[in-house]
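# Coordinate analysis (summary)
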Amino acid sequence: MKQQRKVIHVELKEPYKGKRHYYFGSITAIYELLPTEVVGVSKESLWNVLRNGEHMGRKAIVRYGTLHTKQSNRGKRKEANNG
């Protein structure tokens, strides 16, 4: 079974610490790494405007996306080894 996770892509129009593309698992995580001044929109405002899946601001483009992964058995014990 394939797994799907939401991902938030922040594309900055001006690089911050040498990077323009950042990927996050939540809106809150964005602001733990990037200052509001760099993103160009506050966390509270982003909650409201990102409902459409994309926010195009003066300083950054923020998009919701889906990360598709394949389920693995890594870290799982086989029943035969439990005995």
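This report concerns the structure included in the present document.

Rules used in this analysis
Residues numbered from 1 in each chain as written. Predicted model: local features only at pLDDT ≥ 70, side-chain atom pairs only at ≥ 80, totals over all residues. Heavy atoms only, no water. Pairing = 2+ DSSP bridges. Helix = DSSP H or I, 4+ residues; strand = E, 2+ residues; numbered from the N terminus. Axes fitted to C-alpha atoms, helices over the stretch in contact; angles between N-to-C directions. Buried < 20%, exposed > 50% of the residue type's maximum accessible area, 1.4 Å probe, protein only. Core = buried A, V, L, I, M, F, W, Y, C linked by side-chain atoms within 4.5 Å. Contact = heavy atoms within 4.5 Å.

Below, the discussion takes up the sheet that holds strand S2 (residues 19-24). Pairing is antiparallel across the open sheet formed by 4 strands, whose spatial order is S2-S1-S4-S3. The open sheet terminates on both sides in strands that have one partner only, identified here as S2 and strand S3 (54-56). Averaged over all pairs of adjacent strands, the angle between strand axes in this sheet comes to 30°, irrespective of strand direction. Sheet topology places S3 next to strand S4 (residues 60-70); 3 bridges connect them, and they run antiparallel. Within the sheet, the bridge partner assigned to Glu54 lies in S4 and is Arg63.

Another aspect to go through is unusual backbone geometry. Residues other than glycine predominantly adopt negative phi, and peptide bonds predominantly adopt the trans conformation. Here the phi dihedral of Lys17 falls at roughly 55°; this positive angle occurs in a residue that is not glycine. Checked against the element boundaries, Lys17 lands in the loop between strand S1 (2-16) and S2. Using a relative accessible area of 69% as the deciding quantity, one classes Lys17 as exposed.

Quick look at the nonpolar core now. Core analysis: the largest hydrophobic core is formed by 17 residues, its most contacted members being Val10, Ile30, Leu34 and Leu46. Secondary structure elements with two or more residues in this core: S1, S2, helix H1 (27-33), helix H2 (36-39) and S4. For this core, the leading source of residues is S1, giving 4 residues. Look past the residues within four positions of Leu34 in its chain and what remains in contact with it is Val10, Tyr16, Tyr22, Phe24 and Val39.

Turning next to the pairing of S4. If a strand is regular, its side chains alternate between the two faces of the sheet. Bridge analysis of S1 against S4 gives 11 bridges, and the strand direction is antiparallel. Of the residues in S4, the one forming a bridge with Leu12 is Ala60. Taken together, S3 and the strand that follows it, S4, pair antiparallel across an intervening segment of 3 residues.

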